[in-house]
Amino acid sequence: MGARIIDGRAVAAEVRERVRRQVQEVVERHGVRPGLATVLVGEDPASQIYVRNKRRLSEEAGMVSIHHDLPAEATQAEVEELIRSLNADESVHGILLQLPVPPQIDGDAMTRLIDPAKDVDGLTPLNAGLLLQGLDGLVSCTPAGVMELLRAHDVELEGAEAVVVGRSKLVGKPLAALLLAANATVTQAHSRTRDLAEVCRRADVLIAAVGVPRLVTAEMVRPGAVVIDVGVNRTADGLAGDVDFEAVKEKASLITPVPGGVGPMTIAMLLQNAATAAERQLAARSPR
Ligand code: NAP
């Protein structure tokens, strides 16, 4: 029997609708429209498309999109100055620095400069630390999107064996922390893991966030497992995930396709973070 295929576009549309209502409530309560600032340094075509989509969808959710384009040869001091001014601007509730940045700019250092209250990507050390301690902060968007997909499909995480392949600070690490917080037993695999196939076969919930096309094959999947594919790889025959979808879907109980699985969730969760960030900042500023 084949797996149920997760429709990430449908779940993302539900999240965006929820965010739209949240934004409306913020406007009614505070008389202020949440502002999401995007910063793009250089002209990388993929980044331009991502930023354009983020801007369009933030406006559709009722937010104000404030965009700053900096030239590819911008200096670190210029990016720093822009981030500091956005931190100080009360009409800006969320700041998104599109990564990667050109090589003369230290992306990690620039991320650290963002006010954690406005860190809608959830990548500042404060928000990453809050997540690790199980405390409330802004959570990295792709991992938050994976959790939303699991919730939307009533996947039981309590006591489940969850295996995350990948340990990046953008996806793998925050995802492992979220699964642990949901009481799964979490194994984090990576490029030095000795017998990856054996580790993956333990999983009730298997998540691949690697960047290697079709690394996870059917032999690595336990029958009936839930398989979430975060990978987005450009190959000669188009986009491919980190999972061999055609073979694995015959073995899993639930699986995400690429595209149309995790991808649409990332922007939806970014909008969710922006609405929540605005709500918290405005509540903190309003007289009691
Ligand atoms: P990354 O920073 O390159 O991290 C990749 C991770 O995979 C590393 O921890 C690496 O291990 C591990 N790895 C590499 N080769 C491996 C192998 N053969 N066996 C086991 N583990 C291996 O990538 P990322 O930013 O986490 O992204 C991962 C994938 O998700 C990429 O395809 C990316 O395009 C995609 N992505 C998608 C979205 C979305 O919105 N859908 C968002 C973000 C990323 P080491 O730590 O040992 O090097």
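Residues numbered from 1 in each chain as written. Predicted model: local features only at pLDDT ≥ 70, side-chain atom pairs only at ≥ 80, totals over all residues. Heavy atoms only, no water.

Focus on the environment of A72
- Here A72 is to be found in the loop between β3 (64-70) and α3 (76-88).
- Considered as a pair, A72 and I255 are 183 residues apart in the sequence and their alpha carbons are 39 Å apart.
- When residues no more than four places from it in sequence are discounted, the contact partners of A72 are G42, P102 and Q104. (Helix = DSSP H or I, 4+ residues; strand = E, 2+ residues; numbered from the N terminus. Contact = heavy atoms within 4.5 Å.)

Section: the nonpolar core
- Judged by nonpolar contacts, the single largest core of 47 residues is most densely connected at L150 and L179.
- Listing elements by their share of this core, those giving two or more residues are α1 (8-30), α6 (141-152), β5 (161-165), α7 (172-181), β7 (205-208), β8 (226-229) and α10 (263-285).
- Looking at which element gives the most residues to this core, the answer is α10, with nine residues.
- Once you skip the residues sitting within four places of it in the chain, L150 turns out to touch V155, L157, L179, V205, V226 and I228.
- By size, the runner-up hydrophobic cluster in this structure holds 20 residues, among which are V165, V199, A203 and A208. (Core = buried A, V, L, I, M, F, W, Y, C linked by side-chain atoms within 4.5 Å. Buried < 20%, exposed > 50% of the residue type's maximum accessible area, 1.4 Å probe, protein only.)

Some words on the sheet that holds strand β2 (residues 35-41)
- Here three strands make up an open sheet; going across it, the order is β3-β2-β4 and the pairing parallel. At either margin of the open sheet sits one strand with a lone partner, and together these are β3 and β4 (94-97). Across the sheet, the mean angle separating the axes of adjacent strands is 15° when strand polarity is ignored.
- Summarising the sheet, β2 and β3 pair through seven bridges and their orientation is parallel. Considered in β3, the bridge of T38 is made with H67. (Pairing = 2+ DSSP bridges. Axes fitted to C-alpha atoms, helices over the stretch in contact; angles between N-to-C directions.)

Some words on the packing of α1 against α6
- Following both chains from N to C, one finds α1 and α6 inclined at 100°, their axes separated by 11 Å at the closest point. One element, α1, and the other, α6, form an angle in the roughly perpendicular class. Residue-level contacts link G8, V11, V15 and R18 of α1 to E148, L149 and A152 of α6.
- Split by residue class, the contact of α1 with α6 holds four nonpolar, one polar and two charged. (Parallel < 35°, antiparallel > 145°, perpendicular 65-115°, else oblique. Nonpolar A, V, L, I, M, F, W, Y, C, P; charged D, E, K, R; others polar.)

What to know about the site of the ligand
- Near the ligand you find 21 residues, and of these R167, S168, S191, V232 and T266 are the closest.
- The separation between an oxygen atom of the ligand and a polar side-chain atom of R167 is 2.7 Å.
- Here an oxygen atom of the ligand and a side-chain polar atom of N233 are 3.5 Å apart.
- Counted by class, the shell around the ligand contains 10 nonpolar, 10 polar and one charged residues. (Near = heavy atom within 4 Å. Polar contact = N/O pair within 3.5 Å; in protein donor to acceptor, adjacent residues only side chain to side chain.)

In short, the description is geometric, and any link to function would need to be established separately.
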